[in-house]
Amino acid sequence: MWCLEFLLPVLLVIKGAWAQWNVWMPRDISTMTNSCVVIPCTFMYPSGVRPYGGTHGIWYFGSPYPQFYPPVVYKSRTNIIHESYKGRTKLLGDLHQRNCTLQINNIGMEHSGRYYFRADLGGSNVFTYPDFSEVKVLDQPLINTPEEIMSNQDLEVTCYVPDNCPDMTPEISWFNTELLPSPKFSTDYLEESNTAIMVASVSFTASHVHNGKMLGCRARYPNTTLVYERIVALDIKYGPRLVQVNLSTEVMEGSTVLLYCLVDSNPPSTITWIKEGLDLQEEISLNSSLVMEDIQADGEGVYTCMADNGYGSMNRSLYLAVKYPPREPLVNSSLTVQEGSSLSLHCSTVGNPVPTLTWIKDGNLVGTIIADSYSVLEISDITYEGDGEYRCLAENEYGRASGVINITVEFAPVFLMESKCTMVREGIQCVCVASGNPEPNIEFHLPNLNLTINETESKFNYYAHVDGYVTTSMIKLKELPASGLNVLCSMSNLYGTETVRLELQQEKKYILAVIIGTIGGVAVIGLIIAAVRYISRNNQKENANPSQDLSMKLESPALVYGDVKKEKQSLRKKVLKTELLGTKFNSILEEPSTDEDSDYQNIRSVPDGEKQDVQYASLEFSRCQPKDVSTHMDDTSEYTEIKSK
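Residues numbered from 1 in each chain as written. Predicted model: local features only at pLDDT ≥ 70, side-chain atom pairs only at ≥ 80, totals over all residues. Heavy atoms only, no water.

## Quick word on the overall build of the chain
- A tally of regular secondary structure across the chain gives five helices and 47 strands.
- Across the chain, every contact between residues at least 6 apart in sequence was considered, and the portion connecting residues at least 24 apart equals 64%.
- By element, 50% of the accessible surface of the chain is carried by carbon and sulfur atoms, the whole surface being about 35400 Å². (Helix = DSSP H or I, 4+ residues; strand = E, 2+ residues; numbered from the N terminus. Contact = heavy atoms within 4.5 Å. Areas by Shrake-Rupley, 256 points an atom, 1.4 Å probe, with all protein chains shown as cover.)

Okay, structure coming up:
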């Protein structure tokens, strides 16, 4: 707050002869530039002093000591004054009446400063008064506002214009008051110690909307061109009234995130970013930005911008969602359980958005697909078929992950239908196939002979093979027992024992092979007879017409033939392989056969000397059946074709 202060003349008391030299003048006085100012002045001197040659006076500017040659403002004896004051000053008072009042016209900014008066009463009675009047030359009115203006409080703004020029009186008005709520205007006139000021006030209820608004005071002197203005910006203090942040948003994991906070307050607030009670960043400002690079899933949450400036506080929050693919699910450890047990498989993961959880076994869906971070697959009364790999698949729109549980089911032996006894050329072959975990131990029992056959009985050609949970055992009996075939298969492991009687089955494929072999032998003999007839007829044609024979040779393809005995052996092996198709023992049955115990008669190879006379022979067996065998011979054809359909 600026105000004019006026000091009463100070009586200077000096001991001795100077005890009554004193002067009265305003300590501070102001005026507007290019106007005028009157400095009221009254001086006194000791009563014993008699002016000699009259009473004179001098006004100095800036210093009371003549020896420093300060500028002379006014001098009553002569007109020798400083150049800057020529034509501007005149003495309004009567020095003989001890009135030293001075008027300065057309005053400028350069004339601001201290003014001292010196009394000259003649002879040695000369005295420069140490008191001064300080003149302030203004180029704008003075506007006074309270040091602190609070929002929603009544405010009075005052404009001061000095009125110390008797020739001109100012008029004061306000401008930029259109937005003020119901303003009230008032004027006043203050005068003290021969100095005066004009006062104009405007009052209204301040609010945050007036903060920073420009309010102006204008002073003009009628009948002149002198106009003075002063504009001030209102400084209205208020707590945070508005806090703006990002809208709640979604970002991808690994991206860079920028959160901003804008605050409306005066003065600026201390802005603090908070997440889950933890201060992340703090600064004094009207806006703040929080930058997070390579954000991870734990960056998701509620972010709060807190603003506080001592006049109030406010906060605003937002939710930041971080999107990411499912993490690798947490599942049970691999389990080994007994058949018939009940178990629960657990799967938990996290992902955003919430992933779907799917249980898959051997590529097939098991359980229910759910959208959750946790899933339980209940398996009651598990069977051996429940053995295998269970996969919990978690997926959302950003990716997938899975966890695997291996379930091992232990179960008692299970008899498989591949178990049987069959007649083979070498005798009787018995095969017992069982599934179990742990792998079952298989033994053969012949009750009629009171005999048990296992892997220790090598004379029965006992053979066992394990493939996963399937155990296959086989024995061979060279002849049928006199009491009849009675073979029991006993399968046992930790969880149980099962005994099954093996039925004797006639191997149809073996009989079929014998029939085919017989038909094949007949067909081959027929082929040889046809070939001999053809060669004989062909020789006759060659003797009759050699050129015709050449053309026939060109039209007939070359003969492809082989060792019939070797073909027969190969066919037999294939038939015997077929007997145990689906088992693991094909290699056992491929035993070399001799001519002595063969079921078939060998057909000799055609001698080399006779091969050159055979031009073509074809033997085809397609779905051979004995009743469908047919032989077609044509005396006119050049070759014979034997087919079995």
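Past the structure itself, the notes keep going.
## Some details on the pattern of salt bridges
- In this structure the tally under the stated criterion is 14 salt bridges.
- Salt-bridge contacts for Lys-86 lead to Glu-83; the nearest nitrogen and oxygen are separated by 3.2 Å.
- Judged by relative accessible area, which is 45%, Lys-86 ranks as partly exposed. (Salt bridge = Lys/Arg side-chain N within 4 Å of Asp/Glu carboxyl O. Buried < 20%, exposed > 50% of the residue type's maximum accessible area, 1.4 Å probe, protein only.)

## Considerations on the sheet that holds strand E13 (residues 149–150)
- Across the sheet, which stays open at both edges, the four strands sit in the order E13-E20-E22-E25 with mixed pairing between neighbours. One side of each edge strand has no neighbouring strand; the edge strands of this open sheet are E13 and strand E25 (287–292). (Pairing = 2+ DSSP bridges.)

## Section: the state of the cysteines
- On inspection of all chains with the given rule, the structure shows seven disulfides.
- Residue pairing for Cys-421: its cysteine sulfur links by disulfide to Cys-430, the two sulfurs lying 2.1 Å apart. Across the S-S bond of Cys-421 and Cys-430 the torsion is about 110°, and the bridge reads as right-handed.
- Judged by its relative accessible area of 0%, Cys-421 is buried.
- Two residues share a disulfide in this structure: Cys-432 and Cys-489, whose sulfurs sit 1.7 Å from each other. Of note, the bridge from Cys-432 to Cys-489 carries an S-S torsion of about -75° and is left-handed in sense. Here Cys-432, found in strand E37 (residues 427–437), pairs with Cys-489, found in strand E42 (residues 487–493); they are 57 residues apart in sequence, far enough to count as distant. (Disulfide = S-S within 2.5 Å.)

## Brief notes about the environment of Gly-53
- Relative to the helices and strands, Gly-53 resides in the loop between strand E4 (42–44) and strand E5 (56–61).
- Separated by 69 residues in the primary sequence, Gly-53 and Gly-122 have C-alpha atoms spaced 6.1 Å apart.

## Concerning the nonpolar core
- Counting residues in hydrophobic clusters, the biggest one holds 33 residues, and the most contacted among them are Phe-43, Trp-59, Tyr-115 and Phe-117.
- The biggest single contributor to this core is E5, with four residues.
- Ignoring sequence-local partners within four residues, the contact set of Phe-117 consists of Met-25, Cys-41, Phe-43, Gly-57, Ile-58, Trp-59, Leu-95, Cys-100, Phe-127, Thr-128 and Tyr-129.
- Ranked by size, the runner-up nonpolar core spans 32 residues in total, among them Ile-143, Trp-174, Val-202 and Tyr-221. (Core = buried A, V, L, I, M, F, W, Y, C linked by side-chain atoms within 4.5 Å.)

## Considerations on the environment of Lys-184
- The residue Lys-184 is located in strand E16 (residues 184–192) in this model.
- Through-space distance from the C-alpha of Lys-184 to that of Ser-201 is 8.0 Å; in sequence the pair is 17 residues apart.
- Discounting residues that sit within four places of it in the chain, Lys-184 has contacts with Ser-201, Val-202 and Ser-203.

## Brief notes about the side chain of Asn-266
- Here Asn-266 is to be found in strand E22 (residues 257–266).
- At 3.0 Å, the side chain of Asn-266 and the side chain of Asn-211 are in polar contact.
- Leaving out residues up to four positions away in the same chain, Asn-266 has contacts with Asn-211, Asp-235, Ile-236, Lys-237, Tyr-238, Asn-309 and Tyr-311. (Polar contact = N/O pair within 3.5 Å; in protein donor to acceptor, adjacent residues only side chain to side chain.)

## Comments concerning the pairing of strand E35 (residues 399–415)
- For strand E29 (residues 335–338) and E35, the ladder comprises four bridges, and the chain directions are parallel. Bridged to Gln-338 within E35 is Glu-410.
- What sits between the antiparallel neighbours strand E34 (residues 388–396) and E35 is a turn of two residues.
- Examined bridge by bridge, E35 and E37 share three bridges and lie antiparallel to one another. Looking at E37, one finds that Val-414 is bridged to Ser-435.

## Considerations on the pairing of E37
- With 11 of 11 residues buried, E37 lies mostly within the body of the structure.
- In this sheet, E37 lies alongside strand E36 (residues 420–424) in antiparallel orientation, the contact comprising five bridges. Following the sheet pairing, Met-423 is matched in E37 by Ile-428.
- Once E36 ends, the chain turns through two residues before running back antiparallel as E37.

## Overview of unusual backbone geometry
- Omega for the bond connecting Asn-266 with Pro-267 falls within 30 degrees of zero, at 5°, which places this linkage in the cis form.
- Within the secondary structure, Pro-267 is located in the loop between E22 and strand E23 (269–275).
- Here Asn-352 and Pro-353 are connected by a cis peptide whose omega angle stands at 5°.
- Along the chain, the position of Pro-353 falls in the loop between strand E30 (343–348) and strand E31 (356–361).
- Look at Asn-176: it is not a glycine, yet its phi comes out positive at around 65°.
- With respect to the helices, strands and loops of the structure, Asn-176 is situated in the loop between strand E15 (171–175) and E16.
- Backbone geometry at Asp-294 places phi at a positive 50°, although glycine is not the residue there.
- Residue placement: Asp-294 occurs in the loop between E25 and strand E26 (301–308).

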